[in-house]
Structures are given as C-alpha cells and as structure tokens.
Amino acid sequence: MRFGINTLDDVAVTDKTVLCRIDINQPVDQTTGTLKDTTRIEACIPTIRELSDKGAKLVLLAHQGSDIEYKNFYTTRPHGAVLSRLLDREVRFIDDVCGPAARDAIRALRPGEILLLDNVRFVSEEQTLFELKLQLSPEEQAKTLLVRNLAPLADLYICDAFAAAHRDQPSLCGFEQILPSAMGRLFEEEFCAISSLMKRPERPCLFVLGGTKINDAFLMMDRVLQDAVADRVLAGGLAGQVLLWAEGRDIGEPSRAFIRKQGYEALVETGRELLAKYGDRIETPVDCGTLNNGERREYRIGDIPQDALILDIGTETATAWQERIGTAKTVFVNGPMGVFEDEKTEKGTRMIWDALGGTPAYTVIGGGDSITATKKYGKTGFINYICTGGGALIRFLTGEDLPVVRALRHGSAIKQKE
Ligand code: 3PG
C-alpha cells in the first residue's frame, strides 16, 4: 500500500474478473481510423501484461476524446489493435460498453484473457460535462448505469489512468464505491514520483507553462508560488497571452478574441491578482511570433499589429528562457509555447525543448502535446520524467486531492472476498 492506496502487490487477481481503467486517449486520424501517437498505450502495457500473466480475466475500460472536442471522439477499436501488437497477445474488442453484448463477453473470459470495451464516453453519464456541470456524489456514482451493469460481474477494480485522475466520472470514481480497488503500476509510478518531487524540488525550481488548456494553470500558479514550490514561472502559450492582457499590454484584437472564444476572459482578472501578489516571480513574453501572409513575423509586445494573432513566443523571449532553464535545478513544463505543429510557428517551442534537452536540471514534462513535442524534437531520452497526464498533473500541482485518488483510497479499504 502506498499513499493509502493498494498497489498490485496487495490484491489477488488470479482467476478474478478485474475491471481495469486505463487512459489510452490519443489523437486520432478519423479518415484512416488510426492513432497518430501511441505513447499512452505503451505506458500502460506493464500493468496489463502483469494482470494477464497472473491469470486475471481482464476487462479494459478507456475513453477516447470527448463530445465537446469531437475531432477525437472515437471508438477504441484501433487502440485494441495497438494493444494486441504491443502485448503480442490477443486483445478482444467489443463495440459495446455495458450492454448485454459487453456483459456476455465479460462472462466468457478465461484466466489471462483480455477484453477491451468500447469508448466509455459513449455512455452519456460518463461525459466530460460531468466535470463542467454535474457533480455526482460517490453514492450517486455507484448508481450509474456503467457501475450497476459491470460491477456485479467483477471481483476487483484497478485504475491505471493517472492522466484522467482529475475527472470525476463513473468509470474512474464509481467502481471504488463498491469494489475492492487498487492502482496499477503506471498510476503508482506517476503519482508517487510527482508526489515526492513536489515535496523537495531542487532549487531554483522553474515552471514553464504553455498550451491552450489553461483553466487549472492559474490555480496551479497561485498554489506553487504561494507555497514557494516554484521560484519562478515562465508563462508562454495562452497563459502568457492572458497575463500580458492582465498586465495591460496590447496583445491585439485577434488574440483577445481567441481568449474570449476559449472562455478564458475571466482569467484576466485572476491574472491581475496573481501579478499583484507574485509579479516579480512571473515572467511573460517580451516578443511574439505571428504569421503574415503565411510568413513568420516577430513583434515586440506593444508593437503587435491589430490584425495579427499571436501564435508563438518570440526569439528574444525564447533565448532568455533558454538561459533560465540552463541554470535551474528543477524544471516542470506543461504545454508548448505556441502552434508547434506548423514549422513557421514552432520556433519558440523548439528552442525551449532544445534547452530542456541540454540542461543539467531535473526535467519533468506532462501532457499529450508536451509528449508530442518531446518526440518531435528527439528529446525523449533527455527528459528525466515524462508524465502521461497533462490536466491531471496540473490539477495535482494545485494541491487538490484528485477525485480518483480519493476514490481509490475508499476502494482500497474494501476487503477482497476469498
Ligand atoms: C487527457 O487527455 O488529459 C486525459 O485523457 C483526460 O481527457 P479529458 O481532458 O478529455 O478528460
């Protein structure tokens, strides 16, 4: 048991029907029905292999995309094929989540066999909207269709989805209310590594923020600066733009409109409060990259043309931040500096990742885009810790007890039947 949660060493799985929630959420090419990346699938292989080797009748539950981000909302069928290839053993797939077909397939499992169910978010109760609007109590989670239909067929629940540990949804928090539970090897590794690191980061400790999902980033900034976990925050990506706006700098109407469209305008006020409290420890970009007729143009903040959209940090900013990364002892990075998929707007991200690859500091990156950038710039072997979770890592760093961690503690206290 670690942090009040059972590990795989604490539970009996042989001949047991085990529900195992994994996070294999990956970018999908829907025209070819293939996955653009398989990092998260690779990361949960040790848990799956161990459970199957020990003779569990293994049922895998996973989500893919979400209904509010429809481009990646897709079946988990291609994930099953990748799992089969990586494990070099059959992984059955059924295009059902908790209906009669899925339940029959679960009942038919023999020890060591593996079954992957379809995208759990095809079941409406599982939708991401839970996160935004509805909050179910633990008792209510246990009454959801998914839990009602699958829990009676299972002996044990295992969660290996650290990347989704901030989501309060039935497949993640419901089964622990009634089934004995444990965390998988990936969850254990990620949760324990990040927990220990946060307690004693070597200083100076630098946080580099980027990306476009910044809801929790502001909460996290407050926390890590207040607790002095972070000595300094470098804010790129959308967080940097919101903070520039909060500083009263003119970032141009297209960037302000984009921030409004993402629903982040309210963060400008939060940004003002953060700057008032910790202004000397938060750095915003001094210049930025934009596209003009398809060509990269850089401007100092304050000189941005009114029709230009900020798509990257500028070279002067990236150079100064490279130096900060080079002299830090611990560096956390979450999210790219801009639109790094396009070669015209990748320069800031590439320079930051070059610095990460060369610094003697202990480096930690988190999240899907950061992992993609790490691969793109050939830095995988040079980053000390790569966490599959992006949103989960940020939420964890806010100091909040993650919903799945809470639920797993509850399920760890439920005794297994002989
Ligand atoms: C992620 O990609 O961060 C996790 O898989 C959680 O996905 P979500 O943000 O759609 O809940």
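All of these numbers come straight from a predicted model, not from anything done at the bench. (Residues numbered from 1 in each chain as written. Predicted model: local features only at pLDDT ≥ 70, side-chain atom pairs only at ≥ 80, totals over all residues. Heavy atoms only, no water.)

Draft legend 1. Representation of the overall build of the protein. Across its full length, the protein carries 18 helices and 17 strands. Here the protein has a C-alpha radius of gyration of 22 Å; the compact-globule value for 418 residues is 22 Å, and the two agree. Taken over the C-alpha atoms alone, the protein extends approximately 70 × 45 × 40 Å along its principal axes. Taking all 418 residues of the protein together, the buried fraction comes to 58%. The long-range share in the protein, meaning contacts at least 24 apart out of those at least 6 apart in sequence, stands at 75%. As displayed, the protein has an accessible area near 17000 Å², and 50% of this comes from carbon and sulfur atoms. Here the protein carries 51 positive and 60 negative side-chain charges, and the mean point of each set is 2 Å from the other. (Helix = DSSP H or I, 4+ residues; strand = E, 2+ residues; numbered from the N terminus. Rg over C-alpha atoms; globule rule 2.2 N^0.38 Å. Buried < 20%, exposed > 50% of the residue type's maximum accessible area, 1.4 Å probe, protein only. Contact = heavy atoms within 4.5 Å. Areas by Shrake-Rupley, 256 points an atom, 1.4 Å probe, with all protein chains shown as cover. Lys, Arg positive; Asp, Glu negative; His and termini not counted. Charge placed at Lys NZ, Arg CZ, Asp CG, Glu CD.)

Draft legend 2. Local environment of the packing of helix α14 (residues 315-327) against helix α15 (residues 347-358). Closest axis-to-axis distance for the α14/α15 pair is 9 Å, and the angle between their directions is 15°. Comparing the axis directions of α14 and α15 gives the class roughly parallel. Here the hand of the crossing between α14 and α15 comes out right-handed. In this structure, α14 contributes T315, A318, T319, W321, Q322 and I325 to the contact, and α15 contributes K347, G348, M351, I352, D354, A355 and L356. Looking at the contact of α14 with α15, its residues break down into seven nonpolar, four polar and two charged. (Axes fitted to C-alpha atoms, helices over the stretch in contact; angles between N-to-C directions. Parallel < 35°, antiparallel > 145°, perpendicular 65-115°, else oblique. Left-handed = near helix turned anticlockwise from the far one by under 90°. Nonpolar A, V, L, I, M, F, W, Y, C, P; charged D, E, K, R; others polar.)

Draft legend 3. Inspection of the packing of aromatic side chains at higher detail. Applying the stated criterion to the full structure yields nine aromatic pairs. A ring pair is formed by F73 and F122, whose centres lie 5.4 Å apart and whose planes are at 80°; its orientation type is edge-to-face. Taken together, the positions of F73 in the loop between β4 (57-61) and α3 (77-87) and F122 in the loop between β6 (114-117) and α5 (129-132) put the pair 49 residues apart, joining distant regions of the chain. By relative accessible area, which is 42% here, F122 ends up partly exposed. Taken together, a centroid distance of 5.8 Å and an interplanar angle of 80° make the contact between F191 and F396 edge-to-face. Highlighted residues: F191 in helix α9 (residues 185-199) and F396 in helix α17 (residues 391-397), separated in sequence by 205 residues. (Phe/Tyr/Trp six-rings, centres within 6.5 Å; stacked < 30°, edge-to-face > 60°.)

Draft legend 4. The arrangement of empty space enclosed by the protein in detail. This model, assessed by the stated rule, comprises one cavity of 30 Å³ or more. Here the largest cavity is characterised by a volume of approximately 30 Å³. Secondary-structure elements contributing two or more residues to the lining of the largest cavity are β9 (205-209), β15 (330-334) and α17. Residue classes in the lining of the largest cavity are distributed as seven nonpolar, one polar and no charged. (1 Å grid on protein atoms, 1.4 Å probe; cavity = no way out; pocket = protein on both sides within 12 Å on 5 of 7 lines; lining within 4 Å. Points joined across faces, edges and corners; volume = space filled by probe spheres on them.)

Draft legend 5. A look at the site of the ligand. Taken together, D23, N25, R40, H63, R121, A163, R167 and K213 form the complete shell of residues around the ligand. Within the side chain of D23, a nitrogen or oxygen atom sits 2.6 Å from an oxygen atom of the ligand. The side chain of R40 places a nitrogen or oxygen atom 3.0 Å from an oxygen atom of the ligand. (Near = heavy atom within 4 Å. Polar contact = N/O pair within 3.5 Å; in protein donor to acceptor, adjacent residues only side chain to side chain.)

Draft legend 6. Structural detail: helix α11 (residues 237-246). α11 sits mainly inside the fold: ten of its ten residues count as buried. When we look at burial in α11, the residues that qualify are G237, L238, A239, G240, Q241, V242, L243, L244, W245 and A246. Looking at the packing, one finds that the buried side of α11 touches β9, α10 (215-226), β10 (232-235), α12 (253-261), α13 (266-278) and β11 (282-283). Backbone geometry just after α11 places G248 at a positive phi near 85°.

Draft legend 7. The sheet that holds strand β12 (residues 287-292), seen in detail. Pairing is antiparallel across the open sheet formed by three strands, whose spatial order is β13-β12-β14. Each edge of the open sheet carries a strand with a single partner, namely β13 (295-300) and β14 (312-313). As defined by bridge partners, β12 adjoins β13 across six bridges and the pair is classed as antiparallel. From the neighbouring strand, T290 faces β13, where its bridge partner is R297. (Pairing = 2+ DSSP bridges.)

Draft legend 8. The arrangement of the nonpolar core in detail. If you look at the biggest cluster of nonpolar residues, it comprises 86 residues, and the most contacted ones within it are F175, F187, F207, F218 and L397. The leading source of residues in this core is α11, at seven residues. In this structure L397 touches I194, M198, F207, M220, R223, V224 and F332, once residues within four positions along its chain are discounted. (Core = buried A, V, L, I, M, F, W, Y, C linked by side-chain atoms within 4.5 Å.)

Draft legend 9. A look at the side chain of Q26. You can see Q26 is positioned in the loop between β1 (17-21) and β2 (28-29). Polar side-chain contacts of Q26 include one of 3.1 Å to the backbone nitrogen of T39. Those residues in contact with Q26 that lie beyond four places of it in its chain are D37, T38, T39, R40, I41, Q64 and N72.

Draft legend 10. Representation of the environment of W353 within the structure. Summarising the element assignment, W353 is placed in helix α15. Note on W353: relative accessible area 0%, which makes it buried. Considered as a pair, W353 and P138 are 215 residues apart in the sequence and their alpha carbons are 41 Å apart. Excluding anything up to four places from it in sequence, W353 contacts V333, G335, P336, S370, A373, T374, Y377 and K379.

Draft legend 11. View of the sheet that holds β6. Taken together, the six strands give an open sheet; going across it, the order is β5-β6-β4-β1-β7-β8, and neighbouring strands pair in parallel fashion. Each having just a single partner strand, β5 (91-94) and β8 (181-183) make up the two edges of the open sheet. Here the average twist between neighbouring strands, direction ignored, is 25°. Sheet topology note: the β5/β6 ladder contains four bridges and is parallel. If you follow F93 over to β6, its bridge partner there is L116.

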